[in-house]
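This is what each chain is made of:
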Amino acid sequence: MARIIVITSGKGGVGKTTTSAALAMGLAQQGKRTVVIDFDVGLRNLDLIMGCERRVVYDFINVINGEANLNQALIRDKRCDHLYVLPASQTRDKDALTKEGVDRVLTELSEGYDFIVCDSPAGIEHGANMAMYFADDAVVVTNPEVSSVRDSDRMLGILSSRSRRAENGEEPISEYLLLTRYDPERVANGEMLSVDDVQEILSLKLLGVVPESKAVLNASNAGVPVILDRESDAGQAYNDMVSRYLGEDVPHRFLNPEKKGFLSRLFKG
Amino acid sequence: MAVNSSSQNNDADGSRSFELKAASFTLPIIRLMDNNVEAVAARLGKKVEKAPHFFRNTPVVIDLSGLAGSGAGGADLPLLVGLLRGYGMIPFGVRGGSKEQHAAAEALELAVLRDSYVKRDKTKEAEGAEPEDSAPSEQAPQPRASQGQAQRANQGFLLVTRPVRSGQRVYAAGGDLSITAAVSSGAELMADGNIHVYGPLRGRALAGMSGNLEARIFCQDLQAELVSIAGHYRVSENIPSEMRGVPVQIFLDQKVLRIEKL
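In the nomenclature of an unreviewed UniProt entry, chain B is known as Probable septum site-determining protein MinC of Thiorhodococcus minor. Quoted verbatim from the Function (unreviewed entry) heading of the UniProt record, the comment on chain B is "Cell division inhibitor that blocks the formation of polar Z ring septums. Rapidly oscillates between the poles of the cell to destabilize FtsZ filaments that have formed before they mature into polar Z rings. Prevents FtsZ polymerization." On record in UniProt, under Sequence similarities (unreviewed entry), the comment for chain B is "Belongs to the MinC family."

Chain A has the name Septum site-determining protein MinD in an unreviewed UniProt entry, where Thiorhodococcus minor is given as its organism. Comment text from UniProt for chain A, heading Function (unreviewed entry), reads "ATPase required for the correct placement of the division site. Cell division inhibitors MinC and MinD act in concert to form an inhibitor capable of blocking formation of the polar Z ring septums. Rapidly oscillates between the poles of the cell to destabilize FtsZ filaments that have formed before they mature into polar Z rings." In its Sequence similarities (unreviewed entry) section, the UniProt record describing chain A reads: "Belongs to the ParA family. MinD subfamily."

Spelled out as structure tokens, the structure:
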């Protein structure tokens, strides 16, 4: 049985798709059979971030409607054999996601994979509900600013009341916090919420802190999940996140401003 | 004190000509087990004879759930309602029963009450409607619905051990509400009795929902957006800064809302 992970946030533009791509790639590189599904029907992006946009033939909605089978729609990643992408439809809207259809696809995937990563659309409407309904784990992606934190809080409330686990009275979804676009220098200057500030409001298990990094945009443009950029701080932070998700105890990095070198300190004044 | 006067002023200048509140009542229910109105009439007649005053002007609810499977529109509602009125009762609603029966009830201007013991499409209500939108009878099951982890020790008393998140609403009908975790801003706590919060209270807390002036709010760390007792409220802006972040109790003193350090 696969573990179903939803990457969600409520607010848009916080890094859900970047995180979905990174987590899926990271899990696959650890030898886990992983499939990542784009639930953002009508505004699909995951295929771009994964660099497989030219290979999309059938999509998630085709499978739900029985117009194609899963094997036709799944795209195998060229960089990692264990990773598959199930793209969203760009021509349909979220209503095409039926609960029965999503259930059927997830059940079928569960048999052949270890992890199913669901990239949720922004908002708290139907698309986001479908992405999180069947989840076992949820990674709540949050930026260190008040509006994002409040939206995440709202999403956590929905996770605990509207999911399949909640409706069946089962053990609740395991919720994790991932802080992205974190700028330690601005935090030090008091311009940005700190990890502790966010944790005080959300009080969740912290899966990772990804620093604001130019590498993320570069990776998106190139269609390469940023986790593959081992040189970059964001890539390393995502690698730590995957290890933590798999149960390793990895210390958090990138929480403090970079130490200025001796020379730059000397010539600063 | 500035706030107290503001809420009082509202009353005085008539900008608050009414209040919408939720209340719960205990009502007699007539549970039909038989389609035969004649048989019902005969038995009911005997009952009423024994205690005629007890039934005079008594509002009653007609429970149709015992007639399940007896066919559409099985209960002859107009006859039955006439019968009850004849005995001095005031039938005002039905519960249970089929769609046809509900249509018949609506035609008679009877309310169709939801059955609180039937599991319903809970999430929509828990997340959606404003308190003003839902009838009191609909609110009661909400705590169970919106809080999967809410532990209901017994009727009317509600204990919640998980954080109450932005957008969630918890209502303890007929009793006290205790929360042992944080209450986020944008969350709403409601209770007919007292409210106790042992984590930071950042959302709204409304005690004494059914008009109980004795209800109080107790909290360890007051950062609330709004506190209210029996409709007398105060918003965050008007909570003195020395009361924020410390353990306090909030209560009504001569209909004036007071916040006091514990």
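What follows continues from the structure just given.
A few words now on the nonpolar core. Residues and elements named next belong to chain A. One finds Phe39, Phe60, Leu97, Val102, Leu109 and Ile116 to be the most contacted residues of the largest nonpolar core, which totals 51 residues. Counting residues per element, this core draws most heavily on helix α7 (residues 146-162), at 5 residues. In this structure Phe39 touches Phe60, Lys94, Leu97, Val102, Cys118, Asp119, Ser120, Pro121, Gly127, Met130 and Ala131, once residues within four positions along its chain are discounted.

All names here are of chain A. Running from N to C, helix α6 (residues 126-133) and α7 cross one another at 60°; their axes reach a closest spacing of 10 Å. The angle between α6 and α7 falls in the class oblique. In this structure, the crossing between α6 and α7 has a hand that is right-handed. Taking contact as the criterion, the partners of Asn129, Met132 and Tyr133 in α6 are, on α7, Met155, Ile158, Leu159 and Arg162.

Procedures and definitions
Residues numbered from 1 in each chain as written. Chains lettered and ligands numbered in written order. Predicted model: local features only at pLDDT ≥ 70, side-chain atom pairs only at ≥ 80, totals over all residues. Heavy atoms only, no water. UniProt positions renumbered as here; feature names shortened; annotations may be inferred. Core = buried A, V, L, I, M, F, W, Y, C linked by side-chain atoms within 4.5 Å. Buried < 20%, exposed > 50% of the residue type's maximum accessible area, 1.4 Å probe, protein only. Helix = DSSP H or I, 4+ residues; strand = E, 2+ residues; numbered from the N terminus. Contact = heavy atoms within 4.5 Å. Axes fitted to C-alpha atoms, helices over the stretch in contact; angles between N-to-C directions. Parallel < 35°, antiparallel > 145°, perpendicular 65-115°, else oblique. Left-handed = near helix turned anticlockwise from the far one by under 90°.

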